[in-house]
Structures are given as structure tokens and as C-alpha cells.
Amino acid sequence: MIAVRGRFGKPCPCCDAPVQRILYADRETNYCARCQTGGQVLADRVLSQLLKKDWPRTIEEWEQIRGG
Ligand SMILES: [Zn+2]
């Protein structure tokens, strides 16, 4: 896991991609989709637990959900 906790909206220290944030209930998770998944948003163990089946597969889908 890349250490990007608390870095939402800032460049990833590894690749400069914007750090993603997931808010679900009262939990927050920050992560770099590019470093961790090669550009695909994949559910890790925690995300799988949080999002069950309805998690997006790409950064673009994430942006649509988060922006909407
Ligand atoms: Zn990165």
C-alpha cells in the first residue's frame, strides 16, 4: 500500500497522479490508483468490504461518482 493517507487532492509522491479519496459512511480512504493498480481502480480488501459489488473499475468512473 502506497502511503498516501491524508494526501487527497495532492500529487502522489511516487507518480504525481492526484491521490484519490473514498468516502463511505464515516470512513475515508486515500490511495493512488495509478501506482497501486496501474491506472485501474481495483478493490482492495478494505474497499471490497466497504463497497461490496458496486465499485467502479476505472478512475474515470470514480470521478463521475465522486463528482455527481
Ligand atoms: Zn502514485
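The structure we're discussing is the one just above.
Residues numbered from 1 in each chain as written. Predicted model: local features only at pLDDT ≥ 70, side-chain atom pairs only at ≥ 80, totals over all residues. Heavy atoms only, no water.

Caption draft 1: Representation of the coordination of the zinc ion within the structure. Protein coordination at the zinc ion comes from C12 (SG), C15 (SG), C32 (SG) and C35 (SG), with a distance range of 2.2 to 2.4 Å. Around the zinc ion sit four donor atoms, and with donor-metal-donor angles ranging over 100 to 116° the site reads as tetrahedral. Between the donor residues of the zinc ion, the gaps in sequence give the motif C-x2-C-x16-C-x2-C. In this pair, C15 sits in the segment before β1 (20–24) while C32 sits in the loop between β2 (27–31) and α1 (33–37), placing the two residues 17 residues apart along the sequence. (Donors = N, O, S within 2.8 Å, 3.2 Å for Na, K, Ca; no water. Tetrahedral: all angles 85-135°; square planar, octahedral: opposite > 155°, others 65-115°. Helix = DSSP H or I, 4+ residues; strand = E, 2+ residues; numbered from the N terminus.)

Caption draft 2: The pairing of β2, seen in detail. Both β1 and β2 contribute to a ladder of five bridges, which runs antiparallel. Of the residues in β2, the one forming a bridge with L23 is E28. Linkage of β1 to β2, two consecutive antiparallel strands, is achieved through a turn of two residues, within which A25 is found at a positive phi near 55°. (Pairing = 2+ DSSP bridges.)

Caption draft 3: Examining the environment of F8 more closely. Of note, F8 is situated in the segment before β1. Using a relative accessible area of 28% as the deciding quantity, one classes F8 as partly exposed. When the C-alpha atoms of F8 and Y31 are compared, they prove to be 7.8 Å apart, with 23 residues separating the residues in sequence. (Buried < 20%, exposed > 50% of the residue type's maximum accessible area, 1.4 Å probe, protein only.)

In short, shape yes, function no, at least from these values alone.
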